[in-house]
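# Survey of secondary and tertiary structure
Chain by chain, the residues:
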Amino acid sequence: MSRKARSWATSAALLMLIAGGALAYGHESGTLAIFTADTENPSAVFQGSWVVGPSAFNVPVASGNGQYFTWTAGNHGVNAEEVYFADQGATANCTGASYSNALYSGGTALGAAIATIDGANAGTSSDVPAANIGHYICYQVRSTYNAWYTATNVGTAVQVGLVPTSISYNGGGQVQTNTVFTIGYNHTPAYSGGDINVVVALGSVTFAGIGTVTGTFSKAFTCTHTSGAANVVVSGATVQVTLKGCPGGAGGKAAVTAGTHGTYTATGSTVTSSIGPAGHAYAVNQCNVAAVCFPIITY
């Protein structure tokens, strides 16, 4: 082979080596770029725009011990929906809400096409745990793909559950026959019991199967309702309990210490409410767990 031919062959081989190296480098670089963007940096802008989040939420309304609302599911890169909630206590807005409570996540995440959640509805229940009932709750829905997600806050706080919000009485400084205690609620209640006896103690007044009002009373006795007009009635958003059959004379009058405070604590299951819009209403008992479910009365 001539020197000129050998020189040409050497040059061609060198060019092929350079081209092959460039192709190999480009292929490897591209692989690393995809791995880095999609796997190593899940919060990257690329990833956030790839997993399309939920949108178009309707205004949530109370439903059972949760809320009813719908949304439009993300249409790209979504394999599940997760739901979180923030307990805002007595705060009636979602400002500064921290969505740290998982309602559906991980192994309990909802399907990618789920676009509604409803109080007490199997599979998509928005009911919160007992300790959160009575509080204002905010929700967040996340469209997820493995460890990546795009979150959207629903943005409206709703007080969940049947909450006793006020307690008053017409006793004028004492408790006796015909004294009426009025318990107000955040939703229209229903009463499923009958006439009841009322027990007045030195520290409380107990409405059998309904609740107890704490306070300071000068005597202890039982008001036994035996006949006549019902002594428990529902009027609007209130339950009214009228004392009947208290002992006669001074023995059936309990003076109330002026200026003291009492609280109402719900008991039993006779006071309920069907909470929610048409087709999404679920029966719940009156709240007796969270601190906001203890209305205060000044005697």
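Anyway, here's the lowdown on the structure attached to this text. As the structure is a prediction and not an experimental result, all values here were calculated from the model. Throughout, residues of each chain are indexed from 1 in the direction in which the sequence is written. Residues qualify for local features only when their pLDDT is at least 70, as the model is predicted, and side-chain atom pairs are given and counted only at 80 or more; totals for whole chains, interfaces and linings, by contrast, use all residues. Remark: hydrogens and water are excluded; side-chain values derive from all non-hydrogen atoms of the structure.

## Focus on the overall build of the protein chain
Counting its regular elements, the protein chain contains two helices and 23 strands. Buried residues in the protein chain amount to 40% of all 299 residues. Any two residues having at least one pair of non-hydrogen atoms within 4.5 Å are treated as being in contact. Look at the contacts in the protein chain between residues 6 or more apart in sequence, and 65% of them connect residues 24 or more apart. Accessibility throughout is a Shrake-Rupley quantity obtained with a 1.4 Å probe, and a residue counts as covered only by protein chains that appear here. As displayed, the protein chain offers around 14,300 Å² of accessible surface, 58% of which is attributable to carbon and sulfur atoms. Strands are runs of DSSP state E lasting at least 2 residues, helices are runs of H or I lasting at least 4, and numbering of each runs from the N terminus. Categorising residues by exposure relies on relative accessible area from a 1.4 Å probe, with only protein chains included: less than 20% of the type maximum marks a residue as buried, more than 50% marks it as exposed, and the intermediate range marks it as partly exposed.

## Overview of the nonpolar core
We define a nonpolar core as any set of buried Ala, Val, Leu, Ile, Met, Phe, Trp, Tyr and Cys residues linked to one another through side-chain atoms lying within 4.5 Å. Counting 34 residues, the largest nonpolar core has Phe181, Phe207, Ile210 and Tyr264 as the members making the most contacts within it. Listing elements by their share of this core, those giving two or more residues are strand S9 (164-169), strand S11 (180-185), strand S13 (198-200), strand S14 (204-207), strand S16 (221-223), strand S18 (238-242), strand S20 (261-266) and strand S21 (271-275). Ranked by the residues each element gives to this core, the list is headed by S11, at three residues. Of all hydrophobic cores here, the second largest spans 20 residues; its members include Leu103, Leu110, Tyr139 and Ala290.

## A word on the state of the cysteines
To count as a disulfide, a pair of cysteine sulfur atoms needs to be within 2.5 Å. Applying the stated criterion across every chain, the model contains three disulfides. Here Cys287 connects covalently by a disulfide to Cys293, the sulfurs 1.8 Å from one another. Across the S-S bond of Cys287 and Cys293 the torsion is about 85°, and the bridge reads as right-handed. You can call Cys293 buried: its relative accessible area is 0%. Assigning the bonded cysteines of the protein chain consecutive numbers by sequence position, one obtains the connectivity 1-2, 3-4, 5-6.

## Some remarks on the packing of aromatic side chains
The criterion for an aromatic pair is that two Phe, Tyr or Trp rings (for Trp, the six-membered ring) have centres within 6.5 Å, with stacked assigned to planes under 30 degrees apart, edge-to-face to planes over 60 apart and tilted to the rest. Evaluated as defined, the whole model comprises eight aromatic pairs. Taken together, a centroid distance of 6.4 Å and an interplanar angle of 50° make the contact between Phe85 and Tyr139 tilted. One end of the pair, Phe85, is in strand S3 (residues 80-87); the other, Tyr139, is in strand S6 (residues 136-145), with 54 residues separating them in the sequence. Residue classification places Phe85 among the buried positions, given a relative accessible area of 3%. Members of the aromatic cluster, joined through ring pairs, are Phe57, Phe69, Trp71, Phe85 and Tyr139. A ring is scored as having a charge over it whenever the NZ atom of a lysine or the CZ atom of an arginine sits within 6 Å of its centre and within 35 degrees of its normal. Positioned above the aromatic ring of Tyr84 is the side chain of Arg142, whose terminal nitrogen or guanidinium carbon lies 3.8 Å from the ring centre.

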